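Read off the chains here:
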Amino acid sequence: MAASAQWLTANGRPAPTRVEAVTDTLTANDAYRMASQGTAMLWQGDFHNARQLLTALDRRVGAGKKASGTPAETFYRHRQSRSHRARILGLVLVPLNPGPEVPLRRAPDVREAAVDAYGEVTQPSVVSLHELVGAIGANQWRRNGVWVEALQDRIHPHYGTFFPTRSEYVGLVAEAPLPSEELAFDVGTGTGVLAAILARRGVRRVLATDNQPRAIACATENFRNLGVQDRAEAVLTDMFPPGRAPLVVCNPPWIPATPHSSLDSAVYDPGSRMLFRFLAELPDHLEPGGEGWLVLSDLAEHLGLRTRADLLAAIDAAGLAVVDRLDTTPSHPKASDRSDPLHAARAAEVTSLWRLVPQQP
């Protein structure tokens, strides 16, 4: 019997075109065959069994063939493998009813997680179980927070907002000498962590911008939780706020590649558009004697996706000069994981804070 429901997604994935209702009798092999043919499975059995099926599917997708070739070729094959995995796992669906609730046996309470990801659910809907599981995990991150050493406090990320699991770059902003304590702009603030660092360091007013409403809500909440709401303000705008500041900070996406979903956009930026735009427009937003701080990993350079010459040429073309650079090496687990296809690039990675000023005439 035909039925219909609203398709909900938090990462921009299109609704599947073929859907079949399935129960606990579905085997992992049959599920993998159906997913490989592009058929989505609407689960009508036990929720825990659906989770187990998802795990079994993940094992069948596997890591794919070992990547080889140039670093750039390895990177793109690795991304293709991850995209294929996400597509296969995304085809196990579960119903989501107003509440919101999952009307399946042994389903957990998903109200907070679902509202974080999808907003209020007002009609019978269908979601990807893989995405819903991610939303449940993200809700736990939001509840528990992420410890930030430089703050000696926790940041609470909202769903879909990039958060600082890699704390080394945050430490650079905590250590660099401030050119002024009057005003700073934090362009592309995300959770607001860098703006909060600046406010905690004594900057009297920090304007933190982002073009995503989720990020503005997240940063505003974090400023309040950290007690810096009288110094730091989150503003919904594209890149720079109006006016000039003696300090402008930006931590753009590091990898010049196309995001596969809206949640990828904090990491992947086609053609380094945000990076190059920040550099090109920075002089128009700096007060005389001011500095721009560009926080950027060189992972793209080790992957052969962008060269150091490209970066330096963009800095020069913008009429900027480098007065100093603070470097740090990664401490995250992947830097030492030799099973990671990108291990060689990750092990060589350096994250830098580039201190930039307008060139002298």
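Quick notes on the rules
Residues numbered from 1 in each chain as written. Predicted model: local features only at pLDDT ≥ 70, side-chain atom pairs only at ≥ 80, totals over all residues. Heavy atoms only, no water. Domains from an automatic or database assignment. Contact = heavy atoms within 4.5 Å. Buried area = accessible area lost by both parts, 1.4 Å probe. Salt bridge = Lys/Arg side-chain N within 4 Å of Asp/Glu carboxyl O. Helix = DSSP H or I, 4+ residues; strand = E, 2+ residues; numbered from the N terminus. Buried < 20%, exposed > 50% of the residue type's maximum accessible area, 1.4 Å probe, protein only. Expected span 1.5 Å × (residues − 1). Pairing = 2+ DSSP bridges. Axes fitted to C-alpha atoms, helices over the stretch in contact; angles between N-to-C directions.

Looking up the protein in an unreviewed UniProt entry gives the name N5-glutamine S-adenosyl-L-methionine-dependent methyltransferase, with the organism given as Arthrobacter ulcerisalmonis.

Caption draft 1: Molecular detail of the domain arrangement of the protein. When cut into domains, the protein gives domain 1 (6–141) and domain 2 (145–358). Once you take the C-alpha centre of each, domain 1 and domain 2 turn out to be 31 Å apart. Taken together, the contact between domain 1 and domain 2 spans 20 residues of the former and 23 residues of the latter. Of all residues in domain 1, Phe75, Arg79 and Trp141 bury the most surface against domain 2, accounting for 39% of the area lost on that side. Along the contact surface separating domain 1 from domain 2 lie 0 salt bridges.

Caption draft 2: Examining the pattern of salt bridges more closely. Tallied over the entire structure, the rule returns 16 salt bridges. A salt bridge links Asp24 to Arg105, with the shortest nitrogen-to-oxygen separation between them at 2.8 Å. Here Asp24 is found in the loop between β2 (18–22) and α1 (28–36), whereas its partner Arg105 is found in the loop between β4 (92–96) and α4 (111–118), with 81 residues between them in sequence. We classify Asp24 as partly exposed; its relative accessible area is 32%. The residue Glu221 makes a salt bridge to Arg142 at a minimum N-O spacing of 3.1 Å.

Caption draft 3: A look at helix α3 (residues 71–89). The first and last C-alpha atoms of α3 sit 27 Å apart over 19 residues, in line with the 27 Å expected at 1.5 Å per residue. Of the residues making up α3, those classed as buried are Ala72, Thr74, Phe75, His78, Arg79, Ala86, Ile88 and Leu89. Buried-residue contacts for α3 involve α1, α2 (47–61), β4, β5 (125–128) and α5 (129–144).

Caption draft 4: Expanded view of the sheet that holds strand β13 (residues 320–328). Across the sheet, 7 strands lie side by side as β10-β9-β8-β11-β12-β14-β13; this open sheet has mixed pairing. Here the strands that pair on one side only, and so sit at the sheet edges, are β10 (232–236) and β13. Adjacent strand axes in the sheet meet at a mean angle of 20°, parallel and antiparallel pairs treated alike. Inspection of the sheet shows strand β9 (residues 206–210) paired to β10 by 5 bridges, in the parallel sense. Following the sheet pairing, Ala208 is matched in β10 by Ala234. Across the sheet, helix α7 (residues 193–200) lies against β8 (184–187), β9, β10, β11 (245–250) and β12 (286–297), angled at about 180° from β9, the strand it touches most.

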